[in-house]
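# Breakdown of the fold
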2 protein chains.
Amino acid sequence: MPKLFLVTRSEENYIKTIFHLGGSSSTLIATNAIAEQMETKPSSVTDMAKKLADKGIVYYKKYQGVCLTDIGVKKALSIIRKHRLWEVFLVEKLDFTWDEVHEVAEQLEHIKSEKLIDRIDALLEFPKYDPHGDPIPGKDGTFLKQDKQLLSEVPLNKVAVCVGVKDTSPTFLKFLDKNKIALGDTIEVLEKEEFDHSLLIKLANHELSISHQIASNLYVKINY
Amino acid sequence: MPKLFLVTRSEENYIKTIFHLGGSSSTLIATNAIAEQMETKPSSVTDMAKKLADKGIVYYKKYQGVCLTDIGVKKALSIIRKHRLWEVFLVEKLDFTWDEVHEVAEQLEHIKSEKLIDRIDALLEFPKYDPHGDPIPGKDGTFLKQDKQLLSEVPLNKVAVCVGVKDTSPTFLKFLDKNKIALGDTIEVLEKEEFDHSLLIKLANHELSISHQIASNLYVKINY
DNA sequence: ACTAATTTTTAGATTTGTCTAAATTTTAAT
DNA sequence: ATTAAAATTTAGACAAATCTAAAAATTAGT
């Protein structure tokens, strides 16, 4: 029986980052990519890669990169589940706004108590998505892949519903608030400008021109 | 302007322990006492005492012990406030029992977000006492000294209300549950046995004989 | 007041997680 | 295919928080 039960906060952060960079399903993630994402140095990543490999959490091929093992994926999903449930809690129960939740959830996701997160889940009535529209992994490790797409890829005259964001920076989220674009809003693509790929979109009560950069950071789901 | 804003988790635990051992109000607390309480070694306490003294959080007299400065007391109250509010949250909102809350609250008390704890406070409608009957420090640093006393000190035939416990171990709390002694219960002292100082007490629906050790770990408030 | 016992501190070592700088490997370019 | 550039790893160092063992100071006993 391997003793995989002591995972430090730092280790958890690495696991989460590797998952977000696509390191489940045997895709090797480069040391540099992890270092950049975590704002640390590549040599630190190498050190941690070895330690996580020893614990059976990642597969590490020298000079090639790392990916999560089955155990690692499970651990990652558990952390992401906690993070997203806490985000829902902060928004639904404590009236935090979109852009305020991330920083606090980064801390709360490391609290070690199975009972705690299960009770939070129940209190929130088992939500399926977090405030950014990202799916919440199940207690059993199930993970719903969402059929969302970027607004920039939606065809002309299609009607879609805003379900999330790619860029989660406060700057971007504040821009959305200012322009009255919120989760669940209906968006129709009226025009696509060939010159700069900007979009003219129609919201509930107003029309709006948005740049390609904006459109390629907004996730939507097309209605059938 | 002193930079007192980086306090590590470990430092917070020392601050809290010193406070609980009576180290506010310039009473010097011995290195050994702190070490015993925290299940660490005296030499580690000395190291930390120096560090906290450098930061202006404790006053440290070599070979004599430490006590909290004004800044230290403030910091301690802030941690205790968080700890107790989280305990109320766990019991009131997530149906945790008396004996389950402490361990989780020990983790939650270190979450750094003023807004978070203020919103939790509001969600709970600004409680004054935690589930063990201990008062919750105010946001402004006010701290209600409770006029509670040990059941073992209550005179014969007086009626008192159970407001808290001194020993917070699961063993003790489970004993209380089993004998149907709960927070808010009315207790009358019927007899005091001279031989072993055990007490015969009267509860709502039953009488019960309890040892001195039990009685000296139960806090009550006498009704006027 | 003078030992003896206890408490506290110092000095040096350990672990975790990080860093810098140098060495090595891989990738890309001509 | 050889070399230049980029990425990665190694080696050695450092800070935080802890420990052990030895030295120093305080307290207590007679």
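Residues numbered from 1 in each chain as written. Chains lettered and ligands numbered in written order. Predicted model: local features only at pLDDT ≥ 70, side-chain atom pairs only at ≥ 80, totals over all residues. Heavy atoms only, no water.

## Section: the relation of the copies chain A and chain B
For the pair of chain copies, the relating operation is a rotation around an axis with a shift along it. Relative to chain B, chain A is turned by 180 degrees and slid 0.0 Å along the rotation axis, the superposed coordinates differing by an RMSD of 0.2 Å. Look at the turn and shift together and you get a two-fold axis relating the two. Closest to the rotation axis within chain A is the C-alpha of Leu 108 of chain A, separated from it by 3.9 Å. Interface overlap between copies: 100% of the residues of chain A at the interface are likewise at the interface in chain B, consistent with a symmetric, same-surface contact. (Least-squares fit on C-alpha atoms with pLDDT ≥ 70 in both. Contact = heavy atoms within 4.5 Å.)

## Brief notes about the protein's contact with DNA strand C
Taken together, 20 residues lie near DNA strand C, and Ser 44 and Lys 51 of chain A together with Asn 32, Lys 50 and Tyr 60 of chain B sit nearest. In DNA strand C, atoms within 4 Å of the protein come 76% from sugar and phosphate. For DNA strand C, a base oxygen lies 3.2 Å from a polar atom in the side chain of Ser 43 of chain A. Counting residues per element, the ones that place at least two in the surface near DNA strand C are helix H1 (9-20) and helix H3 (42-54) of chain A together with helix H2 (31-38) and helix H3 (42-54) of chain B. (Near = heavy atom within 4 Å. Polar contact = N/O pair within 3.5 Å; in protein donor to acceptor, adjacent residues only side chain to side chain. Helix = DSSP H or I, 4+ residues; strand = E, 2+ residues; numbered from the N terminus.)

## Here's the deal with the domain arrangement of chain A
How big an interface is tends to be expressed through the accessible area that disappears when the partners come together. According to the domain assignment, chain A contains domain 1 (9-68) and domain 2 (149-222). Here the C-alpha centre of domain 2 of chain A lies 33 Å away from the C-alpha centre of domain 1 of chain A. (Domains from an automatic or database assignment.)

## Topic: the sheet that holds strand S5 (residues 186-192) of chain A
Residue and element names in this part refer to chain A. With antiparallel pairing, six strands are arranged side by side in an open sheet as S3-S8-S4-S5-S6-S7. A strand with exactly one partner marks an edge of an open sheet, and here the two such strands are strand S3 (149-150) and strand S7 (207-210). As judged from the four bridges shared by strand S6 (residues 199-202) and S7, these two strands associate in the antiparallel manner. Counted as the bridge partner of Leu 200 is Ser 209 from S7. (Pairing = 2+ DSSP bridges.)

## What to know about the protein's contact with DNA strand D
The full set close to DNA strand D counts 20 residues, and Lys 50 and Tyr 60 of chain A together with Thr 40, Ser 44 and Lys 51 of chain B are the nearest of them. Each atom of DNA strand D within 4 Å of the protein was assigned to sugar, phosphate or base; sugar and phosphate come to 78%. At 2.6 Å, a side-chain N or O of Thr 40 of chain B approaches a phosphate oxygen of DNA strand D. Sorting the residues of the surface near DNA strand D by element identifies helix H2 (31-38) and H3 of chain A together with helix H1 (9-20) and H3 of chain B as the ones contributing at least two each. In terms of residue class, the surface near DNA strand D is made up of six nonpolar, nine polar and five charged. (Nonpolar A, V, L, I, M, F, W, Y, C, P; charged D, E, K, R; others polar.)

## Re the packing of aromatic side chains
Given two aromatic rings, one states the distance between the centres and the angle between the planes to describe the pair. Enumeration according to the criterion identifies five aromatic pairs over all chains in this entry. Their ring planes at 75 degrees and their centres at 6.0 Å tell us that Phe 19 of chain A and Phe 143 of chain A sit as a pair that is edge-to-face. Of the two residues, Phe 19 of chain A sits in helix H1 while Phe 143 of chain A sits in the loop between helix H6 (114-123) and S3, which places them 124 residues apart along the sequence. We classify Phe 143 of chain A as partly exposed; its relative accessible area is 31%. A centroid spacing of 5.5 Å and a plane angle of 85 degrees characterise the contact between Trp 86 of chain B and Phe 89 of chain B, whose relative ring orientation is edge-to-face. Taken together, the residues Trp 86 of chain B and Phe 89 of chain B, both in helix H4 (residues 70-94) and three residues apart, mark about one turn of the helix. (Phe/Tyr/Trp six-rings, centres within 6.5 Å; stacked < 30°, edge-to-face > 60°. Buried < 20%, exposed > 50% of the residue type's maximum accessible area, 1.4 Å probe, protein only.)

## Focus: the nonpolar core
Generally speaking, soluble globular proteins have nonpolar side chains that are buried together. With 34 residues, the main nonpolar core has Leu 116 of chain A together with Leu 116 of chain B as its most contacted residues. Looking at this core, the elements that each hand over two or more residues are helix H4 (70-92), helix H5 (101-108) and H6 of chain A together with H4, helix H5 (101-108) and helix H6 (114-123) of chain B. What Leu 116 of chain A contacts, discounting residues up to four positions off in sequence, is Trp 86 and Ile 111 of chain A together with Leu 90, Leu 94, Phe 96, Val 104 and Leu 108 of chain B. (Core = buried A, V, L, I, M, F, W, Y, C linked by side-chain atoms within 4.5 Å.)

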